[in-house]
Amino acid sequence: MGNINIFELIIIGISLSMDAVAVSICKGLSIKKITKKNIMIISSYFSVFQAFMPFIGYILGNSFERYIVSINHWIAFLILLIIGINMLKNVNSNNLNDNIDFLSMLPLAVATSIDALAVGVTLAFLDSNIIISSLVIGIITFILTSFGVVIGNKYGNKYEKKAQILGSLILIILSFKILLEHLI
């Protein structure tokens, strides 16, 4: 596997999936009645992007690293901030975005996987086996986001409006966390 061992790869996978887990909890909050199909769809979006982005980063290698690293936090910040603000605006309406279609899930999956692109560049420098690395990252993300959707749905239905506010605030805080981690 190159200069990276499986334990380190698992830690990387868990770390990369945390943004997706937070968003999957929020997605679970917005769905009234969750099904196994919903969980599979939501987790698949996050895990496919988390697995695919390191692969792209690996291919790009160091030739584009400075461009990716210099803007990835801004893109993730803006997408998550906008989604969080929109969720907050919809707290008092019954117009929550419980859609799990392509147009609803794509921005969430992209925003939470941009850091994985930069990790892919690093994996290239470490001469890691990108196929195994991407699979491990994707599997970990799938498992953790599945739990996130279920947890969000369980507490979302019980505490509806408070959970919606909490979910939107999590996305807003997460957007600023991503931005500050890269600026400081």
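Quick notes on the rules
- Here, residues in each chain are numbered from 1, in the same order as that chain's written sequence.
- Note on the predicted model: pLDDT of at least 70 is required for a residue's local features to be given, and 80 or more for side-chain atom pairs to be given and counted; whole-chain, interface and lining totals, by contrast, use all residues.
- To get the side-chain values, take all heavy atoms of the structure and skip hydrogens and water.
- A run of DSSP states H or I qualifies as a helix once it reaches four residues; a run of E qualifies as a strand once it reaches two. Both are numbered from the N-terminal end.
- For every residue, the accessible area (1.4 Å probe, protein chains only) is compared with the maximum for its type, and the residue is labelled buried under 20%, exposed over 50%, or partly exposed between those bounds.
- Contacts: residue pairs with any heavy atoms within 4.5 Å of one another.
- Any carboxyl oxygen of Asp or Glu within 4 Å of a side-chain nitrogen of Lys or Arg constitutes a salt bridge here.
- Only buried Ala, Val, Leu, Ile, Met, Phe, Trp, Tyr and Cys residues count toward a nonpolar core, and they belong to the same one when joined by side-chain atoms within 4.5 Å.
- Axis geometry follows a simple rule: fit a line to the C-alpha atoms, using only the stretch in contact for helices, then measure angles between N-to-C directions, giving values from 0 to 180 degrees.
- These descriptions rest on fixed angle ranges, namely under 35 degrees for roughly parallel, over 145 for roughly antiparallel, 65 to 115 for roughly perpendicular, and the rest for oblique.
- Whether a crossing is left-handed or right-handed is set by the direction in which the near helix is turned from the far one by less than a right angle, anticlockwise for left-handed and clockwise for right-handed.
- Asp, Glu, Lys and Arg are counted as charged, while Ala, Val, Leu, Ile, Met, Phe, Trp, Tyr, Cys and Pro are counted as nonpolar; the rest, among them Gly, fall into the polar class.

Draft legend 1. View of the overall build of the protein. Counting its secondary structure elements, the protein contains six helices and zero strands. The linear arrangement of helices and strands in the protein, starting from the amino end, is α-α-α-α-α-α. Every one of the 184 residues in the protein was classed for burial, and the buried ones make up 46%. Within the protein, residue pairs in contact and separated by at least 24 positions form 93% of the contacts whose partners lie at least 6 positions apart.

Draft legend 2. Broad picture of the pattern of salt bridges. Applying the stated criterion across every chain yields a total of one salt bridge. Between Glu 181 and Lys 177 there is a salt bridge; the shortest N-O distance is 2.9 Å. Of this pair, Glu 181 and Lys 177 both sit in helix α6 (residues 160–183), separated by four residues, roughly a single helical turn.

Draft legend 3. Structural view of the nonpolar core. Counting residues in each nonpolar core, the largest one holds 21 residues, and the members touching the most others are Val 23, Ile 42, Phe 46, Leu 80, Met 105 and Leu 174. Broken down by element, this core gets its largest block of residues, five residues, from helix α2 (residues 36–60). Among all residues touching Leu 174, those that are not within four sequence positions of it are Asp 19, Ala 22, Val 23 and Leu 80. Within the second largest apolar cluster, nine residues are counted, among which are Leu 117, Leu 123, Ile 130 and Ile 137.

Draft legend 4. Representation of the packing of helix α1 (residues 6–30) against helix α4 (residues 102–125). Contact geometry of α1 with α4 gives a least axis separation of 10 Å together with a crossing angle of 165°. As the angle between them shows, α1 and α4 are arranged roughly antiparallel. When you trace α1 past α4, the crossing you get is right-handed. Between α1, through Ile 12, Leu 16, Asp 19, Ala 20, Val 23 and Lys 27, and α4, the contact on the second element is made entirely by Ser 104, Met 105, Leu 108, Thr 112, Asp 115, Ala 116 and Val 119. Of the residues in the contact of α1 with α4, the class split is eight nonpolar, two polar and three charged.

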